Amino acid sequence: MIDQAPALIVVIPLLAALFITVIGVYKPRLSWILTVLTFVITSIFTIITLKQVVVIGPVYYMFGNWPAPFGIEFVIDHLNALIIAMISIVALLVAIYSKHDVKKELGDKIPHFYSLFTLLVTGLLGITMTGDAFNLYVLLEVSALTSYALLALSKGRAYIATFNYLIMGTIGACFYLLGVGYLLINTGSLNMADIATIINANTYSYAVLAAFLFIMIGMWTKMALFPLHGWLPNVYTYAPTSTSCLLAPLMTKVSVYVMLRMMTSVFNYDYIFNVLQWQQVIVALAVLAILAGSILAFRQDNLKRMLTYLIVAEIGYMVGGAWLGNVNGFTGASYHIIADGFMTLCLFLAIGCIIYKIGDSSLASMKGIFKKMPLTMVGFLIGAFSMIGIPPTCGFFSKWYLLSGAYEAGAWPFFVALLVSSLVNAILFFRIIEVGYFHALPEEEPNHNHPKHKRDEAPLSMIIPLLTTAGLLIGIGIYTADIVTYLIRPFINTFL
Amino acid sequence: MDYILNHFNYIIVVIIMMLGLWGMLSLSNLVKKLISMAIFQTGIILFYISMGAKKGSSIPIIKQAYDDHHHPIHQTINHIDYANPLTQILMLTAIVVGVATLGLGLALTQRVYSEHKSLNEDEILESLS
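As the structure is a computational prediction, the values presented were derived from the model and not from experiment.

What is the right way to look at the overall build of chain B in this model?
Helices and strands together make up the secondary structure of chain B, namely five helices and zero strands. For chain B, the succession of helices and strands along the chain, N to C, is α-α-α-α-α. For 129 residues, the compact-globule formula gives about 14 Å, and the C-alpha radius of gyration of chain B, at 23 Å, lies well above that figure. Taken over the C-alpha atoms alone, chain B extends approximately 80 × 40 × 15 Å along its principal axes. Looking at the 129 residues of chain B, the share that counts as buried comes to 29%. Taking the intrachain contacts of chain B between residues at least 6 apart in sequence as the baseline, contacts between residues at least 24 apart amount to 56%. In the structure as shown, chain B presents an accessible area of about 8600 Å², 65% of it carried by carbon and sulfur atoms. Averaged over its 7 positive side-chain charges, chain B has a centre that lies 3 Å from the centre of its 9 negative ones.

What am I meant to see in the overall build of chain A here?
Helix and strand counts for chain A stand at 20 helices and two strands. Taking 23 Å as the expected radius of gyration for a compact globule of 496 residues, we find that chain A reaches 22 Å, a close match to that expectation. Oriented by its inertia axes, the alpha-carbon framework of chain A measures out at about 80 × 55 × 45 Å. Counting only contacts in chain A whose residues sit at least 6 apart along the sequence, the fraction spanning at least 24 positions is 80%.

Help me understand the pairing of strand E1 (residues 59–62) of chain A, please; the structure alone is not making it clear to me.
Each regular strand shows side chains that alternate between the opposite faces of the sheet. All names here are of chain A. Judged by which residues are buried, E1 turns out to be one-sided: Val59 and Tyr61 face inward and are buried, whereas Tyr60 and Met62, on the alternate face, are not. Direction of pairing for E1 relative to strand E2 (residues 73–76): antiparallel, over a ladder of four bridges. Directly across from Tyr61, in E2, lies its bridge partner Phe74.

I tried to follow the interface of chain B and chain A on my own but got confused; where do I start?
Often, the extent of an interface is quoted as the loss of accessible area on bringing the components together. Taken together, the 35 residues of chain B in the interface contact 29 residues of chain A. Between chain B and chain A, roughly 2900 Å² of surface is buried when both sides are summed, and carbon and sulfur atoms account for 84% of that area. At the surface where chain B touches chain A, the tally comes to zero salt bridges. The interface formed by chain B and chain A contains three residue pairs in polar contact (both at pLDDT 80 or more). With 17 residues, helix H4 (residues 86–116) of chain B is the largest single contributor of residues to the side of chain B that touches chain A.

Just to check I follow, could you spell out helix H11 (residues 269–276) of chain A for this structure?
Because each turn of an α-helix spans 3.6 residues, side chains separated by three or four positions end up pointing in the same direction. Residues and elements named next belong to chain A. Taken together, the buried positions of H11 are Tyr271, Ile272, Phe273 and Leu276. Looking straight down H11, one finds its buried side chains confined to an arc of 170 degrees; they lie on one side. Here the buried face of H11 lies against helix H8 (206–223), helix H10 (241–266), helix H12 (279–298), helix H13 (303–324) and helix H14 (327–358). Positive phi appears at Gln277, one or two residues downstream of H11, with a value of about 55 degrees.

What am I meant to see in the nonpolar core here?
Proteins that are soluble and globular tend to have nonpolar side chains buried together. One finds A:Phe267, A:Trp323, A:Phe414, A:Phe429 and B:Tyr48 to be the most contacted residues of the largest nonpolar core, which totals 218 residues. In terms of residues, this core owes the most to one element, H14(A), which gives 19 residues. Non-local contacts of B:Tyr48, meaning those with residues more than four positions away in its chain, are made with A:Leu177, A:Val180, A:Gly181, A:Leu184, B:Thr87, B:Leu90 and B:Met91.

What is the right way to read the side chain of A:Thr393 from this model?
With respect to the helices and strands, the residue A:Thr393 is situated in the loop between helix H16 (374–388) and helix H17 (394–409). Discounting chain neighbours no more than four positions away, the residues touching A:Thr393 are A:Ile382, A:Phe385, A:Ser386, A:Leu473, A:Ile474 and A:Gly477.

Any chance you could explain the packing of helix H2 (residues 30–55) of chain A against helix H4 (residues 110–129) of chain A here in plain terms?
Residues and elements named next belong to chain A. Packing of H2 against H4 leaves a shortest axis separation of 9 Å and a crossing angle of 15 degrees. Judged on the interaxial angle alone, H4 and H2 are roughly parallel. H2 and H4 meet at a crossing whose hand is left-handed. Residues Ser31, Trp32, Thr35, Thr38, Phe39 and Thr42 of H2 touch H4, and the partners they reach there are Ile110, Pro111, Tyr114, Phe117, Thr118, Val121 and Leu125. Residues belonging to the contact of H2 with H4 are distributed by class as follows: eight nonpolar, five polar and no charged.

Explain the pattern of salt bridges here, please?
When charged atoms on two side chains of opposite charge get close, those side chains can pair. Residue and element names in this part refer to chain A. Using the criterion set out here, one finds three salt bridges over all chains in the structure. Between Arg261 and Asp77 there is a salt bridge, with the nearest N and O atoms lying 3.0 Å from each other. With Arg261 in helix H10 and Asp77 in the loop between E2 and helix H3 (78–105), the pair connects residues that are 184 residues apart, well separated along the chain. Comparing Arg261 with Asp77 shows no difference in burial state: the two are buried. For Lys253, the salt bridge is made with Asp340, and the minimal N-O distance between the two is 2.8 Å. Remark: Asp340 occurs in helix H14 and Lys253 occurs in helix H10; sequence separation between them is 87 residues. Assessed through its relative accessible area of 1%, Lys253 is described here as buried. Asp340 gets classed as buried once you look at its relative accessible area, which sits at 0%.

Just checking my understanding: could you explain the packing of aromatic side chains for this structure?
By convention here, two paired aromatic rings are described through the distance between centres and the angle between planes. All names here are of chain A. Enumeration according to the criterion identifies 35 aromatic pairs over all chains in this entry. These aromatic residues form a ring-pair network of at least three members: Phe212, Trp220, Phe267, Tyr269, Tyr271, Phe273, Trp278, Trp323, Phe330, Phe491 and Phe495. Geometry around Phe298 places Arg431 over its ring, the cationic atom sitting 5.7 Å from the centre.

Would you mind showing me how to read unusual backbone geometry here?
Trans is the prevailing form of peptide bonds, just as negative phi is the prevailing case for residues other than glycine. Backbone torsion omega between A:Pro391 and A:Pro392 reads 5 degrees, so that peptide bond is classified as cis. At A:Ala224, a position not held by glycine, the phi torsion is positive, near 65 degrees. Locating A:Ala224 in the fold gives a position in the loop between H8 and helix H9 (231–238). Even without glycine at this site, B:His70 takes up a positive phi of about 60 degrees.

Mind showing me how you'd approach the environment of B:Gln75 here?
Residues and elements named next belong to chain B. Secondary-structure assignment places Gln75 in the loop between helix H3 (30–52) and H4. Put simply, Gln75 and Ala65 are ten residues apart on the chain and 8.0 Å apart in space, counted from C-alpha to C-alpha. Contacts of Gln75, omitting those with residues within four sequence positions, involve Ile62, Lys63, Gln64 and Ala65.

Got a minute to help me understand a nonpolar patch on the surface in this structure?
Residues and elements named next belong to chain B. On the surface, Met1, Tyr3, Ile4, Leu5, Phe8, Ile11, Ile12, Ile15, Leu19, Trp22, Ile35 and Ile39 cluster together to form a nonpolar patch covering roughly 1300 Å² of accessible area. Within the residue set of the nonpolar patch, elements represented by two or more residues are helix H1 (2–6), helix H2 (8–26) and H3. The dominant element in the nonpolar patch, judged by the number of residues it contributes, is H2, at six residues. Given the relative accessible area of 55%, Trp22 is considered exposed.

I keep staring at the environment of A:Arg29 and nothing clicks. Help me out?
Looking at the element boundaries, A:Arg29 is found in the loop between helix H1 (5–26) and H2. Separated by 74 residues in sequence, A:Arg29 and A:Lys103 have C-alpha atoms that sit 9.8 Å apart.

Quick notes on the rules
- Residues numbered from 1 in each chain as written.
- Chains lettered and ligands numbered in written order.
- Predicted model: local features only at pLDDT ≥ 70, side-chain atom pairs only at ≥ 80, totals over all residues.
- Heavy atoms only, no water.
- Helix = DSSP H or I, 4+ residues; strand = E, 2+ residues; numbered from the N terminus.
- Rg over C-alpha atoms; globule rule 2.2 N^0.38 Å.
- Buried < 20%, exposed > 50% of the residue type's maximum accessible area, 1.4 Å probe, protein only.
- Contact = heavy atoms within 4.5 Å.
- Areas by Shrake-Rupley, 256 points an atom, 1.4 Å probe, with all protein chains shown as cover.
- Lys, Arg positive; Asp, Glu negative; His and termini not counted.
- Charge placed at Lys NZ, Arg CZ, Asp CG, Glu CD.
- Pairing = 2+ DSSP bridges.
- Buried area = accessible area lost by both parts, 1.4 Å probe.
- Salt bridge = Lys/Arg side-chain N within 4 Å of Asp/Glu carboxyl O.
- Polar contact = N/O pair within 3.5 Å; in protein donor to acceptor, adjacent residues only side chain to side chain.
- Arc of directions from axis to C-beta.
- Core = buried A, V, L, I, M, F, W, Y, C linked by side-chain atoms within 4.5 Å.
- Axes fitted to C-alpha atoms, helices over the stretch in contact; angles between N-to-C directions.
- Parallel < 35°, antiparallel > 145°, perpendicular 65-115°, else oblique.
- Left-handed = near helix turned anticlockwise from the far one by under 90°.
- Nonpolar A, V, L, I, M, F, W, Y, C, P; charged D, E, K, R; others polar.
- Phe/Tyr/Trp six-rings, centres within 6.5 Å; stacked < 30°, edge-to-face > 60°.
- Lys NZ or Arg CZ within 6 Å of the ring centre and 35° of its normal.
- Patch = residues over 30% accessible without salt bridge, like charges linked within 9 Å, V, L, I, M, F, W, Y side chains within 5 Å.

Okay, here's the thing in structure tokens:
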């Protein structure tokens, strides 16, 4: 059973997605329970796999027992073991969280939501585990198509935002496919490890350069790196709450992972940093992304929209870190995928609770929120502290690795941008604390019969995932040293 | 001239893809955008197919020849005689993905139209602001 874990991690949610569609026609209520059950099982398998990778080393799984360059192979090494664990845990938390929210926002579309939800996570898990370049494209499109459908379950402005996302997402995926085509011409292979060995044996040609460029630009479009970020804020703002809680932490992070995987396992370090020598240009782009994201976030009065711009800034962190080209930079970028996934989730869950109760996420409606929803705001604050980078939350440690990487590489603009972004985040979140804590409740009238500030929390099924995520942020922060020594360093040692 | 003739298929592919990409990014009608998307994807499909094409080659199935007594004749197999089927198989998947994207895009366009009563992106953005 454990030998089959890599396949089961993908197969269980895939079959569950089909099953939920069928069951949902007759018993819509069952679909939530089935989804949660699916992700409990998936999470158990991913954690077992993670443990196995730490103890024994990378796991290779060949589908249908066809040997590697001919068949499709799943490779789980130290980095993606960590990421699949993150994806399945995030999916589980959002699945639990979505129970009341979906009922309220989507009504009779519950089974559709949950089958698309499980299918989306299937795609993301597959992207992370696959060792085959074309298989990655197919799974990329599986997750992209389901995400368009999930986003379009909402109403009003979501349609046109989703349409733009569809166009940009397709361009990104098609560029990736073109890049894979160039690799296929050059090497005749689609298996990532096989491509890497063939490319290394040859001298680098323009075809390899074209492949690298197309794949990188495709991924940058998918992850919304600064000049290509236009689609992201509208899509996540107008999406249903549970959808944005699932997409915001996972979609962009998985694209960052694909970029890292391509940079390290297909093309090699020597080619990217010594032959091409573009690192300064890309780090400059990352700096722009961080600054632009921070400035644009500053101009928003809607909390959810502000967060979407912070995602744009966070993408800059990871791209910049990966392109610094030193151990600390790679450590920071890999660690930040996990850290940013959980902190984005934490903040979106908190905002979701607020929207569920108040119906709005504008800054003006945050008055007196701390007294009204204390538990939600505890979660929100821990997420905010992680975003700012206050120890012992994990946001501090990823920023620390990125800063020391920038210092070693002498990338001063990146160093300054990281500090400025922390400062901007601090101002943004303290503005919310000021409004929420010190400003009075709007409907506060001298009514002596009732207590002045009535507590009115979101349901328990929403609060528990939120507080769990907040706890995870601190937990990951405390165990940073272990994560880095047992998981991220062994991954970096494979190519540096 | 030789260069153009030798790389004729690739030049056509580049032209088709660039037309599609231009249309996706610059046209303002949503349906035209989707048509451009289909053209772009077709360009990529042609790119893959033409890289696997080989003149005078056959499908990679070995045809067993028999002598007069119905005994199999031992043949030498030349890989030059066979075309690589991989690219065509990959494109079958890509076509399916393309159809799914196009269908979803058209369904979304329908929703956009019923919401905004227009298919022109500029008009929609104007009505929103």
